[in-house]
Amino acid sequence: MAIINRIGEFHDDMRAWRRDLHAHPELGFEERRTAALVADRLHAFGVDEVHTGLASTGVVGVLKAGSGSGAIGLRADMDALPIHEATGRDYASTSAGKMHACGHDGHTTMLLGAARYLAETRNFDGTVYLIFQPAEEMLGGGRTMVEEGLLERFPAARVFGMHNWPGMPLGQFAMRAGPVMAAADRFIVRLTGRGGHAAMPHQCRDPLVAAAQIVIALQSIVARNVDPVQRAVVSVTQVHGGDTFNVIPETAMLTGTVRSFLPEVRDLLERRLREIATGLGTALGVGIEIEYQRGYPPTVNTEAETELAALAAAEVAGADKIDRAREPTMGAEDFAYMLEQRPGSYVFIGNGGGEDTPMLHSPHYDFSDDALPYGASYWARLVERALPAR
Ligand SMILES: [Zn+2]
Ligand SMILES: [Zn+2]
């Protein structure tokens, strides 16, 4: 039960790849340098096939061993975020306003490390698809890949994903069967009243008073409509309207995010949001227009694949370092689109640091290079368990 020795031997190489990626972050669907680097490495490792240009900048490596027909997909994300890095590291971002603040530099590196080991050892029977996905943050590169036929072209029977988690100790893994990440929807409410002199409000229809009441009333959806044993979030995140002190504006706008796990809760949240906003608009004489966009679906792990992931992780980290009952979070993840198509499991790997360690998307966050051999070893053991050599 440990890091695979061979992977430990090239820890320094992995650290160098990770820091190079970190210094050269690229936003979603712009990962050209990253994709070229991934493809070059896969070729150098002797991976059997390397396919590029999936969902613009995605890369898939294909590794075969033995004669088995089993196939497994391992997915890493490659994109960075529009954040100004504040870590002060000597390998900090060289692109102003772009930063690997979610650790996708580490995710890409761990899958490369596993690819190198698996290409060398081929101690499995079947096919491994190494899926390097673009644009996980907001843009849904995972969805684009699935819509382009990823899983028909590379027919993995099971798919697996992994994300680092700051504050969780190094050398630990966490997972759960069932929902782990939420569905994420977004809304815009546009209010149209009648603008005029703020000293003569009786001649106006004030969209700001209506907007304020809608913000408060939307809080009653989770508090009063959703079954209290279910999880849901409605957050209003922007309120825009007005230009000066003595004018009641004609229009105002609200935006926000809506999170849930269950389809029936998701439907309820949308329905109540529409009813409350429209109803208050009618009551206050203000026109309401609602744009409601469904985003990433919930990320739902299947039972058997989560068990397999836990066993592979335990082989690397030790059974006492595996949390099989990880609490779900209301964050969202576009690996969900692959999990809608195939059974699989999305797990978390400890990134170390204490309680006050910078969280994902913080300008002070950094992926821990010490996690690299754990993650790469987990991928490797997962393959060797899922597709055992004969
Ligand atoms: Zn992120
Ligand atoms: Zn991420």
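Higher on the page you've got the structure.
If you're wondering where the values come from, they're calculated on a predicted model, not measured in any experiment.

Enquirer: For this particular structure, what's the right way to read the pattern of salt bridges?
Expert: Two side chains bearing opposite charge may form a pair once their charged atoms approach each other closely. All told, the structure shown has 29 salt bridges when counted by the stated rule. The partner of Glu120 in a salt bridge is Arg116, and the shortest N-O contact between them spans 3.9 Å. Placement of both Glu120 and Arg116 in helix α4 (residues 104–121) is noted, with a separation of four residues, approximately one turn of the helix. We classify Arg116 as buried; its relative accessible area is 17%. Between Glu315 and Arg381 there is a salt bridge, with its nearest N and O atoms 3.5 Å apart. Linking Glu315 in helix α9 (residues 303–317) with Arg381 in helix α11 (residues 372–386), this pair joins segments that are 66 residues apart in sequence. Where salt bridges share partners, they join Arg18, Arg19, Arg89, Asp105, Asp366 and Asp369 into one cluster.

Enquirer: How do you make sense of the coordination of the zinc ion (ligand 2) when you look at a structure like this?
Expert: A four-donor tetrahedral metal ideally has 109.5 degree angles, and a six-donor octahedral metal ideally has angles of 90 or 180 degrees. Bound to the zinc ion (ligand 2) on the protein side are Cys102 (SG), His104 (NE2) and His163 (NE2), at distances that span 2.1 to 2.3 Å. On the primary sequence, the residues serving as donors to the zinc ion (ligand 2) are separated as C-x1-H-x58-H.

Enquirer: Is there a simple way to explain the coordination of the zinc ion (ligand 1) in this structure?
Expert: Here the zinc ion (ligand 1) is held by Cys102 (SG), Glu137 (OE), Glu137 (OE) and His361 (NE2), and the distances to it run 2.0 to 2.7 Å. The site at the zinc ion (ligand 1) holds four donor atoms, and with the angles between them running 53 to 153 degrees, its shape is irregular. Sequence positions of the donors to the zinc ion (ligand 1) reduce to the motif C-x34-E-x223-H. Separating the zinc ion (ligand 1) from the zinc ion (ligand 2) is a distance of 3.1 Å, and Cys102 supplies a donor atom to each of them. Placement of Cys102 in the loop between β3 (71–77) and α4 and of Glu137 in the loop between β4 (126–133) and α5 (141–147) is noted, with a sequence separation of 35 residues between them. Note on Glu137: relative accessible area 12%, which makes it buried.

Enquirer: How do you make sense of the sheet that holds strand β10 (residues 232–241) when you look at a structure like this?
Expert: Hydrogen bonds between backbone atoms are what pair the strands of a sheet, whose relative direction is either parallel or antiparallel. Pairing is antiparallel across the open sheet formed by four strands, whose spatial order is β10-β12-β8-β13. Each of the sheet's edge strands pairs with one partner strand only, and the pair in question is β10 and β13 (287–293). Adjacent strand axes in the sheet meet at a mean angle of 15 degrees when their direction is disregarded. Across the face of the sheet, helix α7 (residues 207–225) comes into contact with β8 (183–192), β10, β12 (251–260) and β13 while running at roughly 170 degrees to β10. Strands in contact with helix α8 (residues 263–284) are β8, β10, β12 and β13; relative to β13, the strand with the most contacts, it is inclined by about 165 degrees.

About the thresholds
- Residues take numbers from 1 onward in each chain, read along the sequence in its written order.
- Lettering of chains starts at A and numbering of ligands starts at 1, both following the order in which they are written.
- Predicted model: local features are reported for residues with pLDDT of at least 70 only, side-chain atom pairs are reported and counted for 80 or more only, and whole-chain, interface and lining totals are derived from all residues.
- Values shown for side chains rest on all heavy atoms present in the structure; no hydrogens or waters enter the calculation.
- When a carboxyl oxygen of Asp or Glu is within 4 Å of a side-chain nitrogen of Lys or Arg, the pair counts as a salt bridge.
- The helix and strand labels rest on DSSP assignments: H or I over at least four residues marks a helix, E over at least two residues marks a strand, and numbering proceeds from the N terminus.
- Only protein chains enter the accessibility calculation, which uses a 1.4 Å probe; a residue whose area is less than 20% of its type maximum is buried, one above 50% is exposed, and one in between is partly exposed.
- With water omitted from the atoms examined, metal sites may look incomplete; donors here are N, O and S atoms no farther than 2.8 Å from the metal, or 3.2 Å in the case of Na, K and Ca.
- A four-donor site is classed as tetrahedral when every donor-metal-donor angle falls between 85 and 135 degrees; four donors are called square planar, and six octahedral, when trans pairs exceed 155 degrees and all remaining angles lie between 65 and 115, with any other arrangement labelled irregular.
- Strand pairing requires that DSSP identify at least two bridges connecting the strands.
- Note on definitions: angles span 0 to 180 degrees between N-to-C directions of axes, and those axes are lines fitted to C-alpha atoms, for helices only across the stretch in contact.
- We call two residues in contact when some of their heavy atoms are within 4.5 Å.

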